[in-house]
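Breakdown of the fold
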Amino acid sequence: MTAPLHPDLEPVFDEVLRRNAGEDEFHQAVREVLESLAPVVDKRPEYAQASIIQRICEPERQIIFRVPWVDDEGRVQINRGFRVEFNSALGPYKGGLRFHPSVYLGIVKFLGFEQIFKNALTGMPIGGGKGGSDFDPKGRSNGEIMRFCQSFMTELYRHIGEYRDVPAGDIGVGGREIGYLFGQYKRITNQYEAGVLTGKGLTWGGSQARTEATGYGTVFFADEMLKAKGESFDGKRVVVSGSGNVAVYAIEKVHQLGGIVVAASDSSGYVVDEAGIDLALLKDVKEVRRGRISDYAAERSGATLVSDGSIWDVQCDIALPCATENELLEADATALAKGGVRLVAEGANMPCTPAAVRILREAGVAYAPGKAANAGGVATSALEMQQNASRDSWSFEHTEERLAEVMKGIHDNVLETAEEFGSPGDYTAGANIAGFIRVADAMLAMGVI
Ligand code: GLU
């Protein structure tokens, strides 16, 4: 199932398994990076001398805390909160918070580990971290969400700061939650420290285009991949899984570039809409009413809901998995390849399983991992930090232009690195090696810390 590791990296991976028992997603994320690093081990012996790879696999700090809160019925609820401060060689820890019942230490560590390399690829001064809680926001009232966020921040505030650790959103954490979290941080610290969180509202320190950035950035990246093959989105049939923040703005940008998105999904099923997803309706259902994709299907004529089955059975030229980790399995990759898919770019973090990636490669499908393709979100967070530090705010056009430049820069750097290290055209190898080298060189310079 997995590719072999460089012999020097076998004991490194064994130690990760031993130290982090039961954290399957973290093991998967580490393994995928280590598999790319064989040529680096051979070319740069100085990293082994300083045990850089071993150090990168061990978080600098892991924080786990109790989050008590009172629900609308007056009952006391207890959740678990996490912040894993993984690596600060390039800047303050940076990465989102995820509120979802599946969250446990292994998920936070996989996300934090990916974030190190993703953030390095942006070329911006940000380290890697991630956090969240096993809190399930589904069906909770506004008041419950607010009380939960306030309790969560009552512990988290002592660990974060503009120069220390800068959280943002992820699954289950959007503009509303960032508002409640920022409000509580501001109240406890008695400071208006805008740069402590990103994804803020536009009237109180947020950046234009941050909401759109992950989805737009994924499509900009896929567009660069198409350009490298002399193609474009124009007239292409596209499937986007998910219908959250990443998916919605990926769909918007695909439509702007002349592609047609024929399917989207959520945990209740997927919808096929041959006329192209009606984005105004989808946004209203998901962002305003906080409803289900079934509501979209019920209100849109010509759309059909499939409540059991895989969205990857829908034939397409381009697939953009934008839902969650391990959502695109081996059988899905086989179905996509049979249907003639030409390109897969990950808007979510680690949505394709290793077996699925292998099938796509063997079928000659261009494939880009999330740490490269979805870096636009965190890159725009870094632009938000820049604006906060200079007490400035930029126009939408200027910010989107910067985002497009960053995505093109990542794309070109990844391809050049893949070429230099003997895997031309391999976006996984290029992303892992380019991200790793940037962090490793900073760590070497700073000594054993
Ligand atoms: N959660 C997003 C990611 O996976 C964004 C993090 C951020 O903006 O800090 O990259």
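The coordinates are above.
Now for a look at the structure at hand. (Residues numbered from 1 in each chain as written. Predicted model: local features only at pLDDT ≥ 70, side-chain atom pairs only at ≥ 80, totals over all residues. Heavy atoms only, no water.)

Details of the environment of Asp 441
Relative to the helices and strands, Asp 441 is located in helix H18 (residues 427–446). Taking the C-alpha atoms as reference points, Asp 441 and Tyr 47, separated by 394 residues in sequence, lie 8.4 Å from one another. (Helix = DSSP H or I, 4+ residues; strand = E, 2+ residues; numbered from the N terminus.)

Some thoughts on helix H13 (residues 330–338)
Those residues of H13 that sit buried are Asp 332, Ala 333 and Leu 336. All buried residues of H13 lie within an arc of 100 degrees about the axis, which places them on one face of the element. Relative to its buried face, H13 has exposed residues pointing more than 90 degrees away, namely Ala 331 and Lys 338. Next to the buried residues of H13 lie strand S10 (318–321) and helix H14 (354–362). Following H13 by one or two positions, Gly 340 adopts a phi angle in the positive range, close to 90 degrees. (Buried < 20%, exposed > 50% of the residue type's maximum accessible area, 1.4 Å probe, protein only. Arc of directions from axis to C-beta. Contact = heavy atoms within 4.5 Å.)

Section: the packing of helix H10 (residues 245–256) against helix H11 (residues 279–288)
Axis separation between H10 and H11 bottoms out at 11 Å; the angle between their running directions is 170 degrees. Taken together, the axes of H10 and H11 lie roughly antiparallel to each other. The residues of H11 that touch H10, namely those facing Val 248, Tyr 249, Ile 251 and Glu 252, are Leu 279, Leu 282, Lys 283 and Glu 287. (Axes fitted to C-alpha atoms, helices over the stretch in contact; angles between N-to-C directions. Parallel < 35°, antiparallel > 145°, perpendicular 65-115°, else oblique.)

Comments concerning the sheet that holds strand S8 (residues 269–272)
Strand order in the open sheet formed by seven strands is S9-S8-S7-S6-S10-S11-S12, and the pairing between neighbours is mixed. Two strands in the sheet have a free side with no partner beyond their single neighbour: strand S9 (304–306) and strand S12 (366–368). Going from strand to strand, the sheet's axes swing by 15 degrees on average, the running direction of each strand aside. Relative to strand S7 (residues 260–266), strand S6 (residues 237–241) runs parallel, the two being bridged by three bridges. Across the sheet, the residue bridging to Arg 237 is Ile 260, located in S7. (Pairing = 2+ DSSP bridges.)

Some thoughts on the pairing of strand S4 (residues 128–133)
Among the six residues in S4, six count as buried, and that is most of the element. Pairing analysis gives six bridges linking strand S2 (residues 76–87) to S4, with the strands arranged antiparallel. Note that in S4 the partner of Arg 83 across the bridge is Gly 131. In this view, the connection linking strand S3 (residues 93–99) to its parallel neighbour S4 by way of helix H6 (residues 105–121) has right-handed handedness. (Right-handed = clockwise from strand over helix to strand, strands pointing away.)

Points about the site of the ligand
In the vicinity of the ligand there are 13 residues, among which Lys 94, Lys 118, Gly 169, Asp 170 and Ser 381 approach most closely. Taking Asn 349, its side chain carries an N or O atom lying 3.1 Å from an oxygen atom of the ligand. The side chain of Ser 381 places a nitrogen or oxygen atom 2.6 Å from an oxygen atom of the ligand. For the ligand, the protein covers 95% of the area, taking 300 Å² as the surface of the free molecule. (Near = heavy atom within 4 Å. Polar contact = N/O pair within 3.5 Å; in protein donor to acceptor, adjacent residues only side chain to side chain. Areas by Shrake-Rupley, 256 points an atom, 1.4 Å probe, with all protein chains shown as cover.)

Considering the sheet that holds S4
Spatial strand order, S1-S2-S4-S3-S5: five strands in an open sheet with mixed pairing. Two strands close off the open sheet at either side, each with one partner strand: strand S1 (61–70) and strand S5 (165–168). Taking each pair of neighbouring strands and ignoring which way they run, the sheet shows an average axis angle of 20 degrees. Across three bridges, S3 lies against S4 in parallel orientation. Of the residues in S4, the one forming a bridge with Leu 97 is Gly 131. Sitting on the sheet, helix H7 (residues 142–156) is in contact with S1, S2, S3, S4 and S5, with an inclination near 140 degrees to S1.

Note that all results are geometric; they support no functional claim without further evidence.
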